[in-house]
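Chain residues, written in single-letter form:
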Amino acid sequence: MAGDSHPLRPRESSSTDSGGLATRSSPEFVGREAERARIDAFAEAVAKETRTLLIKGAAGIGKSALWRHAVERCREAGFTTLLTRPSQEEMPLALVGLVDLFEHVDEAVAAPGSDAHPLQRGRAVLEAIRGLATQAPTVIAIDDVQWLDSASARALRYSLRRLEKEPVGVLAAVRLDPDAVDPLGLTETQAPGRHETLELGPLSLGALRGVLDQVVTAISRPALRHIHAVSGGNPLYAIELAHGLARDERGFRLWDGLPLPDSLQAAIAERLRRAPDELDPLLEAVAALGPTPVRELRVVAPDANIDALLEAAEREALLVVEDDLTVRFAHPLLGSAVYSRMRPLARRSLHAVLAERTADADVRARHLALSTDQVDAEVGTLLEEAAARAGARGARDLAAEFVRHSLRLTPPDDADAAHRRALAEIGHLAAAGEVGRALELADRLIEELPPGPGRVDVLVRRAELQGEDFERVEALLTQAVEEAGEDELARGRVLDELGFLQGSLRGDIDGGLENAREALAIAERHGDGSLELSALIAVGDLLNLAGRPRRDLNERAVAIEEEIGSGPFLWGSPRVHLAKQLRLAGDLAGARALYNAVYDEVVRSGDERSRPFALYDLACLECYTGNLTAAEELAREATEAARDTEDRHVGIWALFPSALIAAWRGRSADARAATAQMIEWADRRGSRPTVARARALLGLLALSEGAVPTAVRELAEATRLVEEMGLLNAVLVPASPDAIEAFVGAGDLDAAEVLLGRLERQAEEVANPVLDAVVERCRGVVLAAGGDADAATVQLERAVASFDRLEFRPEAARAVLALGRALLRAGHRTRAADAFADARTRF
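Being a predicted model, the structure only gives us computed values, none of them experimental. (Residues numbered from 1 in each chain as written. Predicted model: local features only at pLDDT ≥ 70, side-chain atom pairs only at ≥ 80, totals over all residues. Heavy atoms only, no water.)

*Asks:* I tried to follow the overall build of the chain on my own but got confused; where do I start?
*Replies:* Tallying secondary structure elements over the chain gives 40 helices and 12 strands in all. If you line up the chain on its principal axes, its C-alpha atoms span 95 × 85 × 45 Å. For the chain, restricting intrachain contacts to residue pairs at least 6 apart in sequence, the fraction spanning at least 24 positions comes to 66%. As displayed, the chain offers around 36000 Å² of accessible surface, 50% of which is attributable to carbon and sulfur atoms. Each charge class in the chain can be summarised by its mean position, and for the 100 positive and 135 negative side chains these summaries are 4 Å apart. (Helix = DSSP H or I, 4+ residues; strand = E, 2+ residues; numbered from the N terminus. Contact = heavy atoms within 4.5 Å. Areas by Shrake-Rupley, 256 points an atom, 1.4 Å probe, with all protein chains shown as cover. Lys, Arg positive; Asp, Glu negative; His and termini not counted. Charge placed at Lys NZ, Arg CZ, Asp CG, Glu CD.)

The following block contains the structure:
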């Protein structure tokens, strides 16, 4: 079980570390979009005139990776590329750089043993470069240029000063270090406008996630943020830290520090060993405190000469004093190493001192937690209060850490506090994106508690986390109904969760509605706003799935939310479900406003559990509008966020927009692979709605390919499933509208008419302009197949106008295509040609 909740999931590869976890050894170059754009501009300029580009960066920041990318970019452009990668030990060897550069094009330029005068050597290099440039643009690429031998540097310097209009580029990478110099003097020797320096800073959090994607398949958001902070955004250090954390069986804990790999430990230990011993107390204090104002250090160590110690620490390049007098480590790894090397008792003593000398309640609570392992009711309460404050400001990982320690310090006889704090830890962990750990703790708590009303809240919380085993979750909730006994409110909370699970996830719409309605009745009898809000959402969502939307229910839930606040996870906000209703009813602008507002709140609140759901909703919205590029990126982000929170369920949801986009763009293999995953997962987990959506999508793909028998088979099965479940919202799962088109294509007009009749009756009962437009298109297709092309044209023109007005662009394009076919059947060849041209443009 512990392995299932680890914050990192390593990628499989041919190499395996000592802990038995497979990792990929050489990450591909990712990110750095702005820098790559500048490289593209450099390559374009080199084709016209002499240009130089110097890439500067700290060790491990990715300058060599970017340099390699630039080399490949120049090769792809058809440039002649001369390469050398000098090393420090080769510096005393004359002309090594020139030998590397010219060995395959003109060996005479740097023939070993030649006693040519430096001027002659420079002239030979210049002539060789000019000769190459007459045949194709030429790039001289040098990695780690600071190690270039002096003889080669001298000859190249001579040549570069004399180049102007020749299509020659110099691409060099140099370490950002006070002792590292550019021996070519590119900055000084090149004319303004022909030289550019590209200095690499730390990677952003998102870019670093992309780098680590080559090493691990999943990493929790708190662990990612911590690795980003400790590595300083350096990709090489981040990869090493990720490897270390993947091998650490303890799992990630915010205040425990990150395990440093041996390669980093050795380098940092040597640097710290050279520092004067009198700096140790100061370094340890800053390591325990984090970035700290000088005035705070004076309070913490009133007897120390802080100014003198800081001056010495800066000389040793260990600490930095910022302009605002904040003290931090020169690199976060130094602080992590200092803290890790402290003995446990010394750490506790230091934290006890720091707790006494700080006025901030949350800071004091943290130091108190780290200063003791003894049960302490007062400190436990302080930590619980600090957790509530941290959660309220969106620091969910910090809140989880506070409450974990409060639970550790809770007296054994305070069962109520222990129960409350255990539930709080599960909630904060899940919200922070540590869903695996939250599930593990919930399952452990269920096993520890005796059956009865006291366990109901835990069973409900476990169901909220869902996991992948829907049958087990349903069994837990059924058990919770029994354990609730005569506590009607507890029973209502269970029925509410059970209704959502049965209807939305398992596909038993009627059974789910029965339980959700009973939960709503209980909430109204007891005046419980929280339960009423949740039950209103469940009833409204299930009625929407059944094709009988009740917008008033969601609007009531939104009003309650405005009064009492949102639930534990924003993905279940009534605004999300109201936005879904608006989207399916054609109000895309209203849906977008709500979805964006909720997503912004998700980001502000730190609710990582809700982030993949919010991204999925936005991806689906963009699919409706036909903005496929944005939709594909949102679906990719949703998939990654789901993977990192170990939420397989929403990860499968996110496959739907990805598969739909692939089908629309003609990537049949991608669409089939995604739907196969959806069906395989849904069959194992008992999620019939997911199977229905996947089958409907396969039918649409077959229609687009002209594979009518396959389309009929898939869409007939999807239609059977949605009717069996009562999932009759033909806009959400368009199985029957597409089945009508498939039956028409197969020549089975009777089957098409039956489905069309059901669709028309549903449209008469529900005021939904999108469904009306779908019916218009389907009626037009059937009429055209029956030979009444003129009537079909009228229907299809209405459908096009309706979809255009609603801005459902893919559906409008399909209607235009059907219109073209109807016009062709009617013999209106010119109008048909215009319609087909319009359809092609729209698609």
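*Asks:* For this particular structure, what's the right way to read empty space enclosed by the protein?
*Replies:* A water-sized probe rolled over the atoms picks out the places where empty space is left. In the structure shown here, the tally under the stated rule is 7 cavities of 30 Å³ or more. Volume-wise, the largest cavity comes out at about 470 Å³. Leu 545, Lys 580, Tyr 616, Trp 653 and Arg 693 are, among the 26 residues lining the largest cavity, the residues nearest its centre. Of the residues that constitute the lining of the largest cavity, the class distribution is 16 nonpolar, 5 polar and 5 charged. (1 Å grid on protein atoms, 1.4 Å probe; cavity = no way out; pocket = protein on both sides within 12 Å on 5 of 7 lines; lining within 4 Å. Points joined across faces, edges and corners; volume = space filled by probe spheres on them. Nonpolar A, V, L, I, M, F, W, Y, C, P; charged D, E, K, R; others polar.)

*Asks:* Sorry, what's going on with the packing of helix α29 (residues 611-625) against helix α30 (residues 628-644) here?
*Replies:* The description of two packed helices rests on the angle between their axes and on the distance between the axes. Relative orientation of the contacting elements α29 and α30 amounts to 160°, with a least axis distance of 8 Å. In terms of their interaxial angle, α29 and α30 are classed as roughly antiparallel. Regarding α29 and α30, the two cross each other, and that crossing is left-handed. Taking contact as the criterion, the partners of Arg 611, Pro 612, Leu 615, Tyr 616, Leu 618, Ala 619, Glu 622 and Cys 623 in α29 are, on α30, Ala 630, Ala 631, Leu 634, Ala 635, Glu 637, Ala 638, Ala 641 and Ala 642. Of the residues in the contact of α29 with α30, the class split is 13 nonpolar, no polar and 3 charged. (Axes fitted to C-alpha atoms, helices over the stretch in contact; angles between N-to-C directions. Parallel < 35°, antiparallel > 145°, perpendicular 65-115°, else oblique. Left-handed = near helix turned anticlockwise from the far one by under 90°.)

*Asks:* Looking at this structure, how should I read the pattern of salt bridges?
*Replies:* Close approach of charged atoms allows side chains of opposite charge to pair. One pass over the full model with this rule turns up 63 salt bridges. The shortest N-O distance in the salt bridge between Asp 40 and Arg 73 comes to 2.8 Å. Remark: Arg 73 occurs in helix α2 (residues 63-76) and Asp 40 occurs in helix α1 (residues 33-46); sequence separation between them is 33 residues. Glu 166 is paired through a salt bridge with Arg 130; the nearest N and O atoms lie 3.1 Å apart. With Glu 166 in the loop between α5 (150-161) and β7 (168-175) and Arg 130 in helix α4 (residues 118-135), this residue pair connects regions lying 36 residues apart in the sequence. Given the relative accessible area of 19%, Glu 166 is considered buried. Among the residues examined, Arg 130 registers a relative accessible area of 32% and is labelled partly exposed. (Salt bridge = Lys/Arg side-chain N within 4 Å of Asp/Glu carboxyl O. Buried < 20%, exposed > 50% of the residue type's maximum accessible area, 1.4 Å probe, protein only.)

*Asks:* Hey, could you run me through the sheet that holds strand β4 (residues 51-57) in this one?
*Replies:* What links the strands of a sheet is backbone hydrogen bonding, and the strands pair in either a parallel or an antiparallel sense. On the basis of which strands lie adjacent, the open sheet formed by 5 strands has the order β5-β6-β7-β4-β8 and parallel pairing. In the strand order of this sheet, the two ends are held by β5 (80-84) and β8 (195-199), each with one partner. Neighbour to neighbour, the strand axes of the sheet diverge by 15° on average, direction disregarded. Pairing geometry for strand β6 (residues 138-142) and β7, over 5 bridges, is parallel. Pairing of Ile 140 across the sheet is with Val 170, part of β7. Its contacts with the sheet put α1 on β4, β6, β7 and β8, and the angle it makes with β4 is roughly 160°. (Pairing = 2+ DSSP bridges.)

*Asks:* I tried to follow the sheet that holds strand β12 (residues 326-329) on my own but got confused; where do I start?
*Replies:* With antiparallel pairing, the 3 strands of this open sheet are ordered in space as β10-β12-β11. Since the sheet does not close on itself, it has two edges, and those belong to β10 (292-293) and β11 (319-321), each with one partner. Pairing of β11 with β12 involves 3 bridges; the strand directions are antiparallel. Its bridge partner being in β12, Val 320 is matched across the sheet by Arg 328. Together, β10, β11 and β12 form the strand contacts of helix α11 (residues 280-289), whose direction differs from that of β12 by roughly 95°. Each of β11 and β12 touches helix α13 (residues 306-315); the most contacted strand, β11, lies at about 120° to it.

*Asks:* Where do I start with unusual backbone geometry in this structure?
*Replies:* Only a minority of non-glycine residues have a phi that is not negative, and only a minority of peptide bonds are not trans. At Ala 317, a position not held by glycine, the phi torsion is positive, near 60°. Here Ala 317 is to be found in the loop between α13 and β11. Assessed through its relative accessible area of 35%, Ala 317 is described here as partly exposed. Located in the positive-phi region is Glu 646, a residue other than glycine, with phi close to 55°. Note on placement: Glu 646 falls in the loop between α30 and α31 (648-664).

*Asks:* I would appreciate a short explanation of the packing of helix α23 (residues 488-505) against helix α25 (residues 529-545) in the present structure.
*Replies:* Across the interface, α23 lies against α25 with an axial gap of 10 Å and an inter-helix angle of 25°. Our classification of the angle between α23 and α25 gives roughly parallel. For the pair α23 and α25, the sense of crossing is left-handed. Across from Leu 489, Gly 492, Arg 493, Asp 496, Gly 499, Phe 500, Gly 503 and Ser 504 in α23, the residues of α25 making contact are Leu 531, Ser 534, Ala 535, Ala 538, Asp 541, Leu 542 and Leu 545. Taken together, the residues that form the contact of α23 with α25 break down as 7 nonpolar, 5 polar and 3 charged.

*Asks:* So what exactly am I meant to see when it comes to α5 here?
*Replies:* The α-helix advances 3.6 residues per turn, and as a result positions three or four apart in sequence lie on the same side. Under the 1.5 Å per step criterion, the end-to-end length of α5 is 16 Å for 12 residues, consistent within 8% with the ideal 16 Å. Inspection of α5 places Ala 151, Ser 152, Ala 153, Ala 155, Leu 156, Tyr 158, Ser 159 and Leu 160 among the buried residues, and these make up the whole buried set. Where the residues of α5 are buried, they touch α3 (96-102), α4, β6, β7 and α6 (186-189). (Expected span 1.5 Å × (residues − 1).)

*Asks:* Honestly, the packing of aromatic side chains in this entry has me stumped. Any pointers?
*Replies:* Aromatic ring pairs are reported here in terms of the distance separating the ring centres and the angle at which the planes meet. Following the criterion strictly, the structure yields 6 aromatic pairs and no others. Relative to Trp 681, the ring of Phe 470 has its centre 5.7 Å away and its plane inclined at 90°; by these criteria the two rings are edge-to-face. Separated by 211 residues along the polypeptide, Phe 470 in helix α22 (residues 470-484) and Trp 681 in helix α32 (residues 668-685) bring together distant segments of the chain. For the pair Phe 470 and Trp 681, a shared accessibility class is recorded, and that class is buried. Relative to Trp 571, the ring of Phe 500 lies with its centre 6.2 Å away and its plane at 50°, an arrangement referred to as tilted. With Phe 500 in helix α23 and Trp 571 in the loop between α26 (551-564) and α27 (574-584), the pair connects residues that are 71 residues apart, well separated along the chain. Accessibility classification places Phe 500 together with Trp 571 in one group, the buried group. The structure contains a cluster of three or more aromatic residues connected by ring pairs, namely Phe 500, Trp 571, Phe 613, Tyr 616 and Trp 653. The residue whose ring lies beneath Arg 162 is Tyr 158, and the NZ or CZ to ring-centre distance is 3.7 Å. The positively charged end of Arg 693 is found above the aromatic ring belonging to Phe 656, 3.9 Å away from the centroid. (Phe/Tyr/Trp six-rings, centres within 6.5 Å; stacked < 30°, edge-to-face > 60°. Lys NZ or Arg CZ within 6 Å of the ring centre and 35° of its normal.)

*Asks:* Looking at this structure, how should I read α31?
*Replies:* Taking 1.5 Å as the rise per residue, α31 with 17 residues should run 24 Å; its terminal C-alpha atoms sit 25 Å apart, in good agreement. α31 sits mainly inside the fold: 13 of its 17 residues count as buried. Trailing α31 by a residue or two, Gly 666 shows a phi angle of about 80°, which is positive.

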